[in-house]
Amino acid sequence: MAINWFKYSSPASFYSLAGKMIPIFSITTIALFVMGLYTGFFVAPTDFQQSEAYRIIFIHVPAAWMSMFLYLVMASWAAIGLAFNTRLSSMIATAIAPTGAMFTFLALWTGALWGKPMWGTWWVWDARLTSELILLFLYIGFMALQAAIDDPRRADKAGAVIALVGVVNIPIIYFSVKWWNTLHQGATVSLTQSPKMATTMLTGMFIMALACWMYSIVVVLMRTRTIILERERHTTWVSELQGTA
Amino acid sequence: MFLWVIQRDLLLAMRQRADVLTTLFFFIIVVSLFPLGVGPEINMLRAMAPGVMWVAALLASMLSLERMFSSDYLDGTLEQMLLSPQPLSLVVLGKVLAHWLVTGVPLVLIAPVLGIQFNLPMDALLVLTASLLLGTPVLSLIGAIGAALTLGLRGGGVLVSLLVLPLYIPVLIFGAGAVEASSVGLGASTHLSLLGAFLLASLVFAPWATAAALRISME
Amino acid sequence: MLKVSDLECVRGERSLFKDINFSLEAGELMQVNGPNGSGKTSLLRILCGLAIPAHGEICWCGNTIRSLDEEYHNVITYLGHLNGAKDNLTAIENLRISSALAGNEIEESKAHEALRHMGLGGCEVLPVKVLSQGQRRRVTLARLLVCSTVLWILDEPLVALDGAAVKLVQSLLEQHLEQGGMVVMTTHQDINITAVVTKRLQLA
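The following refers to the structure shown. Small disclaimer: the values here were computed from a predicted structure and weren't measured.

1. Thoughts on helix H7 (residues 163-178) of chain C
Residue and element names in this part refer to chain C. Compared with the 22 Å implied by 1.5 Å per residue over 16 residues, the 23 Å span of H7 between its first and last C-alpha is a close match. Along H7, the positions that sit buried rather than exposed are Ala165, Val166, Val169, Leu172, Leu173, Glu174, His176 and Leu177. Next to the buried residues of H7 lie strand E3 (28-33), helix H6 (133-146), strand E7 (151-155) and strand E8 (182-186). Immediately downstream of H7, the backbone of Gly180 shows phi near 90 degrees, a positive value.

2. Looking at empty space enclosed by the protein
Residue and element names in this part refer to chain A. One pass over the structure, following the stated rule, counts five cavities of 30 Å³ or more. Counted as a void, the largest cavity has a volume near 90 Å³. Taken together, Ala78, Gly81, Leu82, Asn85, Thr86, Arg87, Ser90, Arg153, Asp156, Lys157 and Ala160 make up the full set of residues lining the largest cavity. Looking at the lining of the largest cavity, the elements that each hand over two or more residues are helix H3 (57-84), helix H4 (87-119) and helix H6 (152-183). Broken down by element, the residue count for the lining of the largest cavity peaks at four residues, all from H6.

3. A closer look at the sheet that holds strand E5 (residues 63-64) of chain C
All names here are of chain C. The strand order E2-E1-E4-E5 describes an open sheet built from four strands, whose pairing is antiparallel. The outermost strands of the open sheet, each flanked by one partner alone, are strand E2 (14-24) and E5. Packed onto the sheet, helix H1 (residues 40-47) meets strand E1 (2-11), E2 and strand E4 (55-60) and runs at close to 130 degrees relative to E1.

4. A look at a nonpolar patch on the surface
Residues and elements named next belong to chain A. Judged by side-chain polarity, Leu37, Tyr38, Phe41, Phe42 and Val43 come together as a nonpolar surface patch covering roughly 540 Å² of accessible area. Relative to the assigned elements, Phe41 resides in helix H2 (residues 11-43). Its relative accessible area of 49% is what places Phe41 among the partly exposed residues.

5. Some words on the interface of chain B and chain C
Listed per partner, the contact involves 28 residues of chain B and 30 residues of chain C. Between chain B and chain C, a total of about 2600 Å² is buried, with carbon and sulfur atoms accounting for 59% of that surface. On the chain B side of the interface with chain C, the three residues burying the most area are B:Trp4, B:Leu83 and B:Pro85, jointly 29% of the side's total. On inspection of chain B and its partner chain C, the count reaches five salt bridges. Where C:Glu70 meets B:Arg215, a salt bridge forms, and the shortest distance between an N and an O atom there is 4.0 Å. At the boundary of chain B with chain C, the tally comes to 13 residue pairs in polar contact (both at pLDDT 80 or more). Per-element tally for the side of chain B that touches chain C: the top contributor is helix H1 (residues 2-15) of chain B, with six residues. Broken down by class, the residue content of the side of chain B that touches chain C amounts to 14 nonpolar, seven polar and seven charged.

Rules of the game
- Residues numbered from 1 in each chain as written.
- Chains lettered and ligands numbered in written order.
- Predicted model: local features only at pLDDT ≥ 70, side-chain atom pairs only at ≥ 80, totals over all residues.
- Heavy atoms only, no water.
- Helix = DSSP H or I, 4+ residues; strand = E, 2+ residues; numbered from the N terminus.
- Expected span 1.5 Å × (residues − 1).
- Buried < 20%, exposed > 50% of the residue type's maximum accessible area, 1.4 Å probe, protein only.
- Contact = heavy atoms within 4.5 Å.
- 1 Å grid on protein atoms, 1.4 Å probe; cavity = no way out; pocket = protein on both sides within 12 Å on 5 of 7 lines; lining within 4 Å.
- Points joined across faces, edges and corners; volume = space filled by probe spheres on them.
- Pairing = 2+ DSSP bridges.
- Axes fitted to C-alpha atoms, helices over the stretch in contact; angles between N-to-C directions.
- Patch = residues over 30% accessible without salt bridge, like charges linked within 9 Å, V, L, I, M, F, W, Y side chains within 5 Å.
- Areas by Shrake-Rupley, 256 points an atom, 1.4 Å probe, with all protein chains shown as cover.
- Salt bridge = Lys/Arg side-chain N within 4 Å of Asp/Glu carboxyl O.
- Buried area = accessible area lost by both parts, 1.4 Å probe.
- Polar contact = N/O pair within 3.5 Å; in protein donor to acceptor, adjacent residues only side chain to side chain.
- Nonpolar A, V, L, I, M, F, W, Y, C, P; charged D, E, K, R; others polar.

This is how it looks when you write it as structure tokens:
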């Protein structure tokens, strides 16, 4: 089993494996998105409290989940790359960052769109919103650091350090923001006011979360392939690839 | 050896006093600009004071971060430190301590004076000083990681702020929160002990991470 | 003592050198030659553990230098192409501090003596920034007089030195080799150092 895994840790074999996997995951992504959006918009009942506006949670909640989950995945790959000096793991980490940042931004944006009709304001300094904003800063920091370093090996390692420092800090940041929020009760709106969700709503949300997951896999695979080509452009297997293409 | 590092950095700071004073005056100027921006209403200023002081302290300590390793990097002395038979994290700890003595301590000392400008009551001034005393070393410790990672990069100064400022948030919240809590009569001991916990945690963790970052950047 | 096997260094995308193998015993000198950009500095940085090779291993007395880590730093002195001296410190402060950082605290009198030996008498208490390039190099080289390490890794030690100083360095190196020390160095200048064994490594 172990040998099998290490085979795909070589960029060249990963490149072809990813190439085969992308179409499968793309189709799954599209199918899940269609299913999820259909459930979200047509099957799920109208919420008696929030009427139609609530439907944005079908994208908002999965995006928020993905934003946090992807940061952990990114940091884990970066850590593996740092510990075992496997180039591919670091490349995957680099490939995840923009998708993670995109989901973070999406979660913030849809949150604002939701907040306006619900609370009458685009933005509240709620603990979750603030933490999400800080998460966006962490993603941007990671990407900016990697972009500023020319040597890819140093970029990988430096990115890993900052990602890990971020992971250690996220619980502390979340906890402090929450504390800070309770100290300033006046400005907050409770986000957990909604009554029990209908099962169809929940199903729709899970399908959407799965769709976002699949989407992330597709995009990360594609981006990893591009990074592999860019970094390995002087190797023989890439030039062979160009010859056959 | 540890003492040699501190002594060396303090000696260098003494020879370049202007750098130290720049950070201090930056802090004073930023704090003094706020009343000009928001108006001289006493109650509002008093309410704002902890946040203003702490944000200014964050910015001032960040301003001096780039200097922590870059001049040693440029003249090759950092290379020699990496080759020291002592653990690199110990060398780093020495440098961070020196950095704090040079940039953090002056802020702690001047803060009560600036607090008077904002009409802070006596006990709030004490809490402010105590929170800065516990919090500014954390800023130097965390900042060192960012400074080590951005060593020798173009635009390193701006980049370091992008990396480090989000990590400063807990210190900001509990530092400013301590003063606020004491002024509404809640007592600041919880906040201060949490700041102390941050200090201990970063004392253990940050030098080690900085040492790893330096090795990566020097390779 | 020092054994290097299958060393490869990659900078950016191109391989600077590969399949470097050599060993060095007590009293031996290794001169690394090669045109600019051939990786001499990279090789020396790898040898002292500052950089990690793309491939290969360096062993000191049978242990890899990565496993020895800080212990290895006790036996080497590396002088890079940067002087490693602070502009705002005096020559004597620089020497004492850099020695202390290398785990070798020295008395002020010993530092004075070393600097005088390097022909810096009278300049000891001047800040290094007012010294000439050659004098700064001498301040750096003075470390060799006070250190007690076995393996010296020197990157272009003779740059900016005048004839007298070159002779000084030459006798210093010869003395070190006689006492069973080892030297790995790069230089573009002609220097004739008598050693029991002189090895040469040519980088393309």
